[in-house]
Amino acid sequence: MVKSKQGFWAEIRESVPAYLLILPTLIVFCVFLYTPFVNALRISTYKYNGIGDLNEYVGFDNYATVLKDPKFYSAFWNTFKLIGADAVLSIGIGFLLAYVLYRGIPLKRFFSTALFIPYLISMVVIGSIWRIIYDPSIGPLNQLLELIGLGDWAQPWLSNEHTALPAIMMTWIWHTIPFNMLIMYANVMTMPNDFLEAAEMDGATSMQKLRYVIIPYLMPTFATLLLLTVTNDLRAFDMVWVMTQGGPGGASEVITSYVYRKAFSTQNFGTATAASIIMMIVMVAIMIFSQLLRRKEGAQK
């Protein structure tokens, strides 16, 4: 028993340098992450307009207000529409482009660089550019439709409640494709040649190698990109706000623009904070579920 106690304290003494090394990081986390989070929890239980002290305690009334608001569910649903479209189209197209680059094309370096440029542009700049593209009067999209004889399809894309959200989705996907392409291309380039050589010895065609070798090898990458897509799209704001500000009539409202509007348009910071915490809980639940799913799949293998 004495030896075990001595061993325990010896381990503690050996760990002191490690704890000292991570202490600055822990301090930064506490100051810039945990302290604001605790403060946000406190604000969410008050009726607060952003000015002065917190005086009017309302408990969980702000959460009840958010959960009874149809606009919150509309914004919630729009957010997951964006996530679904981004997950399917952005990851899918990114994989196809990565596979094309992997197979090799003329001017491969030029195309790989050119395809990545949209991801480097600021979201605010992208939103401004595509707002001009979708403009019903001077926008090149409607002009192109007129030019090719599809003038009946021309419309005010961002002012129509049926097309505002799909237009934002296409712009968002255009921005996220390069990142997914780069990650999948980098991962497929690390694939051992033995896999493909074994498939060739078995007489596999290019499509069979793609289906039975390359795609299974990239499945962990797909799962990681899906998780990144969900967490990134839940925070979508700047492009949406620049292009439509959630309009028309809330047709393109997402969770972040809903929170922003509650906080700065109606000066209801308590309700806005409650909505953001609800969304954070959803995000954490998704991450925990994905981790549990991965562990289950790993255990089955």
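Read on for a plain summary of the structure. All values derive from a computational prediction rather than experimental measurement.

## Comments concerning the overall build of the chain
1) Next: Tallying secondary structure elements over the chain gives 13 helices and two strands in all.
2) Next: For 301 residues, the compact-globule formula gives about 19 Å, and the C-alpha radius of gyration of the chain, at 25 Å, lies well above that figure.
3) Next: With the C-alpha coordinates aligned to their principal axes, the bounding extent of the chain is approximately 75 × 60 × 35 Å.
4) Next: In the chain, which comprises 301 residues, the share counted as buried stands at 35%.
5) Next: Excluding contacts between residues fewer than 6 apart, the proportion of contacts in the chain whose partners are at least 24 apart in sequence is 68%.

## Some words on helix α12 (residues 255-265)
Residues spaced three or four apart along an α-helix point in a common direction, a consequence of the helix completing one turn every 3.6 residues.
1) Next: Those residues of α12 that fall on the buried side of the exposure criterion are I255, T256, S257, Y258, V259 and A263.
2) Next: Q267 sits one or two residues past α12 and shows a positive phi near 55°.

## Some thoughts on the packing of aromatic side chains
1) Next: This model, assessed by the stated rule, comprises 19 aromatic pairs.
2) Next: Both rings, one in F116 and one in Y119, keep their centres 5.7 Å apart while their planes meet at 40°; by these two values the pair is tilted. Taken together, the residues F116 and Y119, both in helix α4 (residues 108-120) and three residues apart, mark about one turn of the helix.

## Here we look at unusual backbone geometry
1) Next: Of note, the amide linkage connecting G247 to P248 takes the cis form, showing an omega dihedral of -5°.
2) Next: You can see P248 is positioned in the loop between α11 (238-243) and α12.
3) Next: Positive phi, normally seen in glycine, also occurs at Q245, with a value near 55°.
4) Next: Locating Q245 in the fold gives a position in the loop between α11 and α12.
5) Next: For Q245, a relative accessible area of 45% translates into the label partly exposed.

## What about empty space enclosed by the protein?
1) Next: Inspection of every chain in the model, using the stated rule, returns one cavity of 30 Å³ or more.
2) Next: Estimates place the volume of the largest cavity at around 30 Å³.
3) Next: If you trace the largest cavity, you find it lined by F95, A98, Y99, M184, V188, I214 and L218.

## Looking at the environment of A251
1) Next: Summarising the element assignment, A251 is placed in the loop between α11 and α12.
2) Next: Note: C-alpha distance between A251 and N160 (91 residues apart in sequence) is 8.6 Å.

## Brief notes about the nonpolar core
1) Next: The biggest cluster of nonpolar side chains holds 21 residues, and the ones touching the most others in it are Y134, W172, M239 and M243.
2) Next: Residue assignment for this core shows that the elements contributing at least two residues are α3 (70-103), α5 (123-133), α7 (164-189) and α11.
3) Next: Considering every element that reaches this core, the biggest residue donor is α7, with seven residues.
4) Next: Once residues within four sequence positions are removed from consideration, Y134 is found in contact with L141, W157, L158, A167, M170, T171 and M243.

## With respect to the layout of surface pockets
1) Next: Approximately 270 Å³ is the volume found for the second largest pocket.
2) Next: Contributing to the lining of the second largest pocket are 17 residues, with Y119, W172, T176, L228 and N232 lying nearest its centre.
3) Next: Secondary-structure elements contributing two or more residues to the lining of the second largest pocket are α7 and α10 (219-233).
4) Next: Looking at the lining of the second largest pocket residue by residue, the class counts come to eight nonpolar, six polar and three charged.

How each quantity is defined
Residues numbered from 1 in each chain as written. Predicted model: local features only at pLDDT ≥ 70, side-chain atom pairs only at ≥ 80, totals over all residues. Heavy atoms only, no water. Helix = DSSP H or I, 4+ residues; strand = E, 2+ residues; numbered from the N terminus. Rg over C-alpha atoms; globule rule 2.2 N^0.38 Å. Buried < 20%, exposed > 50% of the residue type's maximum accessible area, 1.4 Å probe, protein only. Contact = heavy atoms within 4.5 Å. Phe/Tyr/Trp six-rings, centres within 6.5 Å; stacked < 30°, edge-to-face > 60°. 1 Å grid on protein atoms, 1.4 Å probe; cavity = no way out; pocket = protein on both sides within 12 Å on 5 of 7 lines; lining within 4 Å. Points joined across faces, edges and corners; volume = space filled by probe spheres on them. Core = buried A, V, L, I, M, F, W, Y, C linked by side-chain atoms within 4.5 Å. Nonpolar A, V, L, I, M, F, W, Y, C, P; charged D, E, K, R; others polar.

These figures capture arrangement, not role.
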